[in-house]
Amino acid sequence: MLFFHTSKIVEFLYLWGMLKKVLVTGGAGYIGSHTVVELFNAGYEPVLLDDFRNSNESVIDGLSNILGDRPELLKHDVCNTDYLRDYIRKHEVCGIIHFAAYKAVGESVENPLRYYQNNVEGLVSILKMVSENPEIPFVFSSSCTVYGEPQGQKEVSEKTPKTIPTSPYGFTKWLGEKIIDDLFFSQKKLRLMSLRYFNPIGAHSSTQIGELPIGKPNNLLPFITQTAAGLHEKLTIFGDSYPTIDGTCVRDYIHVVDLAEAHVKALDYLINAKDGCHEIVNIGTGNGSSVLQVVNTFEKVNDIKLNYEFGPNRPGDVIEIYANVDYAKKLLGWSAKKTINDAVKDAWNWEKSIRSIK
Ligand code: UFG
């Protein structure tokens, strides 16, 4: 069992071929691929499990360029429990980070069964492995969507009551945490953590990996960068008369590399934990930014003019939310280091690199 993770020990384990693997489901996705890099940088050996249904195989080339070698790739569905069982029996896996899931709010409303099948069945499949191998720590991708629209205080802590999310996507995250709670109740030695992400943006500064939305992006930053790259005529800002600083919605935008590092800290914590737990931790910056502020920052940092207009409110949008990040700092010794300026710069450099824009 790997209890300490100093560089000397990692070096020793490498030399003796004893370094244990971390299984990263959805490792070719946006957050997954950045986490693969940070795991590698911390001395872990990330193994990607991805069937590319919602990601692009070119991500593996980008990862190889950053890591200097091709990462181990298991091209399988996370719902293939028999395959997972066989893999874990044959390899020393020291942790599992579970990203593999669908994430588009609107699509989940149109096709709820697709979401329940992939997100819930996938989670149950991977948790069976944790249940059968209780020594393996497990990190789950949850979301601030479990808070719904905060009543009163817009800064939410892990103690803020959850609300049942309106979209099936959101409900799969809410339910995911509940499933993990129930499993922990039945097996108190398990070491489990749910990370509630706020809004990840940005890309790796190498421009080798970043966000690769399939089809028209739903999220703000990829829509901004694609508009700046000429793929869309203009950005529509959904709503300008909300009760916020400038009438547009407020979110806690976190650089994806900071978010990736939080997963390494989560895994380090669980590997060293003596007792079982299901910890729930907000992963954000602690600062809210409005849509208009993000647009203005993008224009200023990248010295580019963005064509945008104001349109009607997007149904189901939360008005304002940002994270209280005290617990992440206390438990994991983690806090976000990068700024929104870094994120919009990296996102634009990434977009330019994939569109071959100088
Ligand atoms: N926005 C626009 N125009 C666009 C796209 C977005 O004005 O073209 C606005 C939205 O209305 C919202 C803000 O930008 O006010 C952020 O929207 P995103 O779609 O980027 O992010 P959301 O906060 O709606 O949703 C994100 C993830 C979800 C997750 C949720 C809460 O996409 O998967 O955070 O965790 F559930």
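Remember, predicted model here, so these are calculated numbers, not experimental data. (Residues numbered from 1 in each chain as written. Predicted model: local features only at pLDDT ≥ 70, side-chain atom pairs only at ≥ 80, totals over all residues. Heavy atoms only, no water.)

K.L.:
Describe the packing of aromatic side chains, and please don't skip the residues or the numbers.
P.N.:
The relation between two aromatic rings is expressed through the spacing of the ring centres and the mutual angle of the planes. The full count for this structure, using the stated rule, is seven aromatic pairs. Ring centres of Phe 298 and Trp 348 lie 5.9 Å apart, and the angle between their planes is 75°; on these two criteria the pair is classed as edge-to-face. Residue Phe 298 is found in helix 10 (residues 291-302), and its partner Trp 348 is found in helix 12 (residues 340-354); the two are separated by 50 residues along the sequence. The buried category is assigned to Phe 298, whose relative accessible area is 0%. According to the relative accessible area criterion, Trp 348 is buried, its value standing at 5%. Through a chain of ring-to-ring contacts, the aromatic side chains of Tyr 116, Phe 171 and Trp 174 assemble into a single cluster. Above the plane of the ring of Tyr 102 lies Arg 114, whose end atom (NZ or CZ) is 4.1 Å from the centre. Lying across the ring of Trp 174, Lys 162 places its NZ or CZ 5.1 Å from the centre. (Phe/Tyr/Trp six-rings, centres within 6.5 Å; stacked < 30°, edge-to-face > 60°. Helix = DSSP H or I, 4+ residues; strand = E, 2+ residues; numbered from the N terminus. Buried < 20%, exposed > 50% of the residue type's maximum accessible area, 1.4 Å probe, protein only. Lys NZ or Arg CZ within 6 Å of the ring centre and 35° of its normal.)

K.L.:
Tell me about the site of the ligand, residues and numbers included.
P.N.:
What surrounds the ligand is a group of 21 residues, the closest being Ser 143, Asn 219, Thr 236, Arg 251 and Asp 317. For the ligand, an oxygen atom lies 3.4 Å from a polar atom in the backbone of Lys 103. Protein coverage of the free-state accessible area of the ligand, which is 680 Å², stands at 89%. A class-by-class count of the residues in the shell around the ligand yields 11 nonpolar, six polar and four charged. (Near = heavy atom within 4 Å. Polar contact = N/O pair within 3.5 Å; in protein donor to acceptor, adjacent residues only side chain to side chain. Areas by Shrake-Rupley, 256 points an atom, 1.4 Å probe, with all protein chains shown as cover. Nonpolar A, V, L, I, M, F, W, Y, C, P; charged D, E, K, R; others polar.)

K.L.:
Hey, could you go over the packing of helix 2 (residues 30-41) against helix 3 (residues 58-67) for me, with residue numbers and the actual values?
P.N.:
Interhelical geometry of helix 2 versus helix 3 gives an angle of 20° and a closest axis separation of 11 Å. Between helix 2 and helix 3, the angle is such that the two are roughly parallel. As helix 2 runs across helix 3, the sense of the crossing is right-handed. Where helix 2 abuts helix 3, its residues Ser 33, Val 36, Val 37 and Phe 40 lie against Val 59, Leu 63, Ile 66 and Leu 67. Here the contact of helix 2 with helix 3 is built from residues that sort into seven nonpolar, one polar and no charged. (Axes fitted to C-alpha atoms, helices over the stretch in contact; angles between N-to-C directions. Parallel < 35°, antiparallel > 145°, perpendicular 65-115°, else oblique. Left-handed = near helix turned anticlockwise from the far one by under 90°. Contact = heavy atoms within 4.5 Å.)

K.L.:
Any chance you could break down unusual backbone geometry for me, citing the residues and the numbers?
P.N.:
With a phi close to 60°, Thr 207 is a non-glycine residue in the positive phi region. With respect to the element layout, Thr 207 can be found in the loop between strand 8 (199-201) and helix 8 (220-228). Backbone geometry places Ser 356, a non-glycine residue, at a positive phi of 50°. Its relative accessible area of 65% is what places Ser 356 among the exposed residues.

K.L.:
Just give me the short version of the pattern of salt bridges, but keep the residues and values in it.
P.N.:
What the rule picks out here adds up to 22 salt bridges. Among the ionic contacts, a cluster of salt bridges with common partners joins Lys 21, Glu 45 and Glu 72. (Salt bridge = Lys/Arg side-chain N within 4 Å of Asp/Glu carboxyl O.)

K.L.:
Account for the side chain of His 98, with residues named and values stated.
P.N.:
Secondary-structure assignment places His 98 in strand 4 (residues 93-98). Here the side chain of His 98 touches Thr 25 through a polar contact of 2.7 Å, side chain to side chain. Residues contacting His 98, with those up to four places away along its chain left out, are Thr 25, Val 78, Gly 122, Leu 123, Ile 126, Phe 138, Val 139, Phe 140 and Ser 141.

K.L.:
Residues and numbers for the nonpolar core, please.
P.N.:
In summary, soluble globular proteins display a tendency toward joint burial of nonpolar side chains. Residues Val 22, Leu 39, Tyr 44, Met 193, Leu 195, Val 281 and Ile 283 are the most contacted members of the largest nonpolar core, which totals 40 residues. Looking at this core, the elements that each hand over two or more residues are strand 1 (21-25), helix 2, helix 3, strand 4, strand 7 (191-197), helix 9 (256-272), strand 12 (277-283) and helix 11 (326-332). By residue number, the principal contributor to this core is helix 9, which donates nine residues. Those residues in contact with Leu 195, other than ones at most four positions away along the chain, are Val 139, Phe 140, Ser 141, Ser 142, Ser 143, Ala 262, His 263, Ala 266, Val 281 and Ile 283. (Core = buried A, V, L, I, M, F, W, Y, C linked by side-chain atoms within 4.5 Å.)

K.L.:
I'd like a rundown of the environment of Ala 347, residues and numbers included.
P.N.:
When you line up the elements, Ala 347 lands in helix 12. With residues near it in sequence (within four places) discarded, Ala 347 still touches Gly 202, Ala 203, Leu 221 and Thr 225.

K.L.:
Residues and numbers for the pairing of strand 2 (residues 45-49), please.
P.N.:
Most of strand 2 sits inside the fold, with four of its five residues counted as buried. The parallel pair strand 1 and strand 2 is bridged by helix 2, and the resulting crossover is right-handed. Where strand 2 lies against strand 3 (residues 72-74), three bridges are found, and the strand directions are parallel. Residue Leu 48 lies in a different strand from strand 3, and its bridge partner there is Leu 73. Each parallel crossover has a hand, and the one from strand 2 via helix 3 to strand 3 is right-handed. (Right-handed = clockwise from strand over helix to strand, strands pointing away. Pairing = 2+ DSSP bridges.)

K.L.:
Account for helix 10, with residues named and values stated.
P.N.:
Counted at 1.5 Å a residue, the expected span for helix 10 with its 12 residues is 16 Å, and the 17 Å between its end C-alpha atoms agrees. Those residues of helix 10 that fall on the buried side of the exposure criterion are Val 291, Leu 292, Val 294, Val 295, Thr 297, Phe 298, Glu 299 and Asn 302. In this fold, the buried residues of helix 10 make contact with helix 8, strand 9 (235-238), strand 11 (253-255), strand 13 (289-290), strand 14 (308-311) and helix 12. Looking one or two places after helix 10, you find Asp 303, whose phi comes out positive at around 50°. (Expected span 1.5 Å × (residues − 1).)

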